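Residues per chain, in single letters:
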Amino acid sequence: AVLDVSVEPDIVAKPGDTVKLKCALQGIKDLDLKKLMIQWYTKGKLVAEYDNKINIEKTGLSMSLDALKTGDATLTIQSFTTDQAGKYRCYVTYKAEDTVKQISLSSTESVAQVEKEVDLTTCETILDKKLDKVIDLISKVEGKLVEVTKSCSTQQVKTHGK
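Source: prediction; values computed, not measured. Along each chain, the written sequence defines residue order, and numbers are assigned to residues from 1. Under the rules for a predicted model, residues below a pLDDT of 70 receive no local features and side-chain atom pairs below 80 are neither given nor counted, while totals for whole chains, interfaces and linings still include all residues. Note that water and hydrogens are dropped before the side-chain values are worked out from all heavy atoms of the structure.

Engineer: Lay out the overall build of the protein in plain terms, naming residues and giving numbers.
Structural biologist: Strands are runs of DSSP state E lasting at least 2 residues, helices are runs of H or I lasting at least 4, and numbering of each runs from the N terminus. A tally of regular secondary structure across the protein gives three helices and eleven strands. Each helix (α) and strand (β) of the protein, taken in turn from the N terminus, gives the series β-β-β-β-β-β-β-β-α-β-β-β-α-α. Burial classes: relative accessible area under 20% of the type maximum marks a residue as buried, over 50% as exposed, and values in between as partly exposed (1.4 Å probe, protein chains only). Scored against the burial criterion, the 162 residues of the protein give a buried share of 30%. Two residues form a contact once any of their heavy atoms are found within 4.5 Å. Restricting the contact set of the protein to residue pairs at least 6 apart, pairs at least 24 apart contribute 58%. All accessible-area figures derive from a Shrake-Rupley calculation using a 1.4 Å probe, and residue coverage is judged against the displayed protein chains alone. Taken as a whole, the protein presents about 10600 Å² of accessible surface, with 54% of it coming from carbon and sulfur.

Engineer: So what's going on with the confidence of the model for the protein? Which residues, and what values?
Structural biologist: Any residue range with low pLDDT should be treated as having predicted coordinates unsuitable for detailed reading. Residue-level confidence of the predictor is what pLDDT reports, using numbers from 0 through 100. Here the protein shows a mean pLDDT of 81. Residues at 70 or above account for 75%. Confidence drops under a pLDDT of 50 for residues 110–119, and excluding neighbours within four residues, the segment shows one contact in the predicted structure.

Engineer: Quick rundown of the pairing of strand E5 (residues 36–42)? Include the residues and the values.
Structural biologist: Within E5, five of the seven residues are buried, leaving the element largely enclosed by the surrounding structure. In this analysis, strands are considered paired if DSSP registers two or more bridges between them. Two strands pair when backbone bridges link them, and E5 and strand E10 (residues 86–94) are joined in this way by seven bridges, in the antiparallel orientation. Pairing of Trp-40 across the sheet is with Cys-90, part of E10. Note: E5 against strand E6 (residues 45–50), five bridges, orientation antiparallel. Bridge pairing in E6 links Tyr-41 to Leu-46. The antiparallel hairpin formed by E5 and E6 contains two residues in its connecting segment, where Lys-43 sits at a positive phi of about 50°.

Engineer: Lay out the sheet that holds strand E2 (residues 11–13) in plain terms, naming residues and giving numbers.
Structural biologist: Spatial strand order, E2-E11-E10-E5-E6-E7: six strands in an open sheet with mixed pairing. Taken across any chain shown, the strands that pair with only one partner, and hence form the sheet edges, are E2 and strand E7 (54–56). Averaged over all neighbouring strand pairs, the angle between strand axes comes to 25°, with direction disregarded. In this structure, E10 lies alongside strand E11 (residues 97–107), joined through nine bridges in antiparallel fashion. Considered in E11, the bridge of Val-92 is made with Thr-99. In this analysis, axes come from line fits to C-alpha atoms, helices being fitted only over the stretch in contact, and the angle between any two N-to-C directions falls in the range 0 to 180 degrees.

Okay, structure coming up:
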């Protein structure tokens, strides 16, 4: 079965807000934390991770171990600042399966201020768009793999049944 992970729709926040970026595993009973790994990335950098323990790379970010026990890998940003705006990716690995979901976090600050940012933002935007295409492609490949696996399983049953 392919991991069923849900995320909140894109979020707009005001500076100073507490922001919750939701990322949750759906439909798993008796979640085994020893087989779970969560990684949160933004702007190409790992900012938070759970791999038998929670590791936070940036101050002002947190995840809850109690919430993880129920499949809730929400990343909380305390006192949001405009430099924390961007695309956040939640990578989930459980047992032998993995998937990635993305949330876009933007600020209510004016567009004019955003346009003044350095060229690096443009490069990050280009990379984010390319990564979006890769994520879409991975999702399609995962879907095809599921179809092929089901097809192969059906053929094996027919072959072994003769």
